[in-house]
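Now for the letters of each chain:
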Amino acid sequence: GLASFCRGCEEQRPERAHHCRTCGACILRMDHHCPWVGNCVGINNHKFFILMCFYTSVAGTFYAASALPTVVKIMAGRQSSLDPNDPVVLMLIIASTFASSLGLSTAGLFFTHVSLAWCNRTTIEAGYKGKSPYSLGPKRNFEQVFGVLSATWLFPVPPLRKVTDGLRFQTSLS
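Predicted model, so just to flag it, every value in this text is computed and none were measured. Numbers given for residues are sequential positions, taken from 1 along each chain in its written order. Only residues with pLDDT of at least 70 are given local features in this predicted model, and only at 80 or more are side-chain atom pairs given and counted; all residues enter the totals for whole chains, interfaces and linings. No hydrogens and no water enter the side-chain calculation; it runs on all heavy atoms of the structure.

### Section: the overall build of the chain
Looking only at helices and strands, the chain features 3 helices and 6 strands. The helix and strand labels rest on DSSP assignments: H or I over at least four residues marks a helix, E over at least two residues marks a strand, and numbering proceeds from the N terminus. Reading the chain from its N end, one meets helices and strands in the order β-β-β-β-β-β-α-α-α. Two things to know: the radius of gyration comes from C-alpha atoms, and the globule rule equals 2.2 Å times the number of residues to the power 0.38. On C-alpha atoms alone, the chain measures out to a radius of gyration of 21 Å, which is more than a quarter above the 16 Å that the 2.2 N^0.38 rule sets for 174 residues. Principal-axis analysis of the C-alpha atoms gives the chain an extent of 70 × 35 × 30 Å. The long-range share in the chain, meaning contacts at least 24 apart out of those at least 6 apart in sequence, stands at 47%. Each accessible area is a Shrake-Rupley result for a 1.4 Å probe, and residues are judged covered by the shown protein chains and nothing else. Approximately 10,600 Å² of the chain is accessible, and the part contributed by carbon and sulfur atoms is 65%. Pairs of residues are marked as contacts when any of their non-hydrogen atoms sit within 4.5 Å.

Encoded structure:
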């Protein structure tokens with residue numbers, strides 16, 4: 001929980017900050033460098049990353065589920081109005097496969113990051129042994145990522161009130 005020296009930046013860095021070799025900077029409460037968003041996920045955008053995973057998994061699953069009856073009929077040969085060799089039909093099957101894959105993979109990311117937020121850990125800290133000293137109970141842990149409990153938890157907008165500045169963190173030991 002103490003500040004440390006970063007050999008990459010050659011400067012002091014706050015607790016829970018880590019150096020990202022890809023970005024070339026220390027990131028406050030760094031979770032990971034995400035190639036999908038082309039940026040590091042940290043204190044200022046972890047909420048947005050979790051919501052992106054949630055909404056993407058819902059959208060992918062919804063598209064795949066709504067197209068599934070048509071795809072099954074085409075594959076079984078029971079959809080007489082559509083030719084299985086038609087490029088549009090092929091695109092429907094490919095899009096459904098892609099949507100279901102995207103929905104499942106982002107659902108996995110979503111549930112992983114919700115479980116990490118539950119314990120007030122980052123992906124990097126998940127590799128540390130023992131209980132997180134930053135765990136303050138589920139509600140207060142989620143507030144570290146989403147801000148004080150409000151309706152804005154569900155929307156991709158900045159928290160109304162943050163509970164940390166990313167430089168100092170309350171611990172269960174304090």
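### Comments concerning the packing of aromatic side chains
Between the rings of Phe, Tyr and Trp (Trp by its six-membered ring), a pair exists once the centres lie within 6.5 Å; its type follows the angle of the planes, with under 30 degrees stacked, over 60 edge-to-face, and the other angles tilted. Going through the model one piece at a time under the given rule, you end up with 8 aromatic pairs. Relative to Phe142, the ring of Trp118 lies with its centre 6.1 Å away and its plane at 80°, an arrangement referred to as edge-to-face. Placement of Trp118 in helix α2 (residues 87-119) and of Phe142 in helix α3 (residues 138-146) is noted, with a sequence separation of 24 residues between them. Accessibility here uses a 1.4 Å probe with only protein chains present; expressed as a share of the type maximum, an area under 20% marks a residue as buried, one over 50% as exposed, and anything in between as partly exposed. Under the relative-accessibility criterion, Phe142 is labelled buried at 13%. The structure contains a cluster of three or more aromatic residues connected by ring pairs, namely Phe54, Tyr55, Phe110 and Phe111. Distance and angle both matter: a charge sits over a ring if NZ of Lys or CZ of Arg is within 6 Å of the ring centre and within 35 degrees of the ring normal. The positively charged end of Arg16 is found above the aromatic ring belonging to Tyr134, 4.1 Å away from the centroid. Taking NZ or CZ as reference, Arg16 lies 4.8 Å from the ring centre of Phe169, over its face.

### Remarks on a nonpolar patch on the surface
Like-charged residues are merged into a patch within 9 Å and nonpolar side chains (Val, Leu, Ile, Met, Phe, Trp, Tyr) within 5 Å, provided each residue has over 30% relative accessible area and no salt bridge. We count a salt bridge whenever a side-chain nitrogen from Lys or Arg sits within 4 Å of a carboxyl oxygen from Asp or Glu. Side chains of Phe54, Tyr55, Val58, Leu154, Phe155 and Val157 sit close together on the surface and give an oily, nonpolar patch of about 520 Å² of accessible area. Position of Phe54 relative to the elements: it lies in helix α1 (residues 46-76). The class of Phe54 is partly exposed, set by a relative accessible area of 31%.

### A few points about the environment of Phe146
Its location among the elements puts Phe146 in helix α3. Considering only alpha carbons, one finds Phe146 and Asn85, 61 residues apart in sequence, at a separation of 48 Å. Those residues within four positions of Phe146 in sequence are excluded, and the remaining contacts are Lys47, Ile50, Leu51, Trp153 and Pro159.

### A short note on the nonpolar core
In this structure, Cys34, Val41, Phe49, Ile50, Leu51, Cys53, Phe110, Ala117, Phe142, Val145, Phe146 and Trp153 together form the largest nonpolar core, which totals 12 residues. If you list the elements that add at least two residues to this core, you get α1, α2 and α3. For this core, the element with the highest residue contribution is α1, accounting for 4 residues. Side-chain atoms within 4.5 Å link the members of a nonpolar core, which is a set of buried Ala, Val, Leu, Ile, Met, Phe, Trp, Tyr and Cys residues.

### So, the pattern of salt bridges
Within this structure, the stated rule accounts for 3 salt bridges. Residue Glu125 is joined to Arg16 by a salt bridge in which the shortest nitrogen-to-oxygen separation is 2.7 Å. Highlighted residues: Glu125 in the loop between α2 and α3 and Arg16 in the loop between β2 (11-13) and β3 (18-20), separated in sequence by 109 residues. As far as burial versus exposure is concerned, Glu125 and Arg16 are alike and both buried. A salt bridge links Glu143 to Lys139, with the shortest nitrogen-to-oxygen separation between them at 2.9 Å. Of this pair, Glu143 and Lys139 both sit in helix α3, 4 residues apart, which is roughly one turn of the helix.

### Section: the state of the cysteines
Two cysteine sulfur atoms form a disulfide, by the criterion used here, when they sit within 2.5 Å. Enumeration according to the criterion identifies 0 disulfides in this entry. Between Cys34, a cysteine without a disulfide, and Cys53, which holds the nearest cysteine sulfur, the sulfur-to-sulfur distance is 7.4 Å. Note on Cys34: relative accessible area 2%, which makes it buried. No disulfide involves Cys40; its nearest neighbouring cysteine sulfur is the one of Cys20, lying 3.2 Å away.

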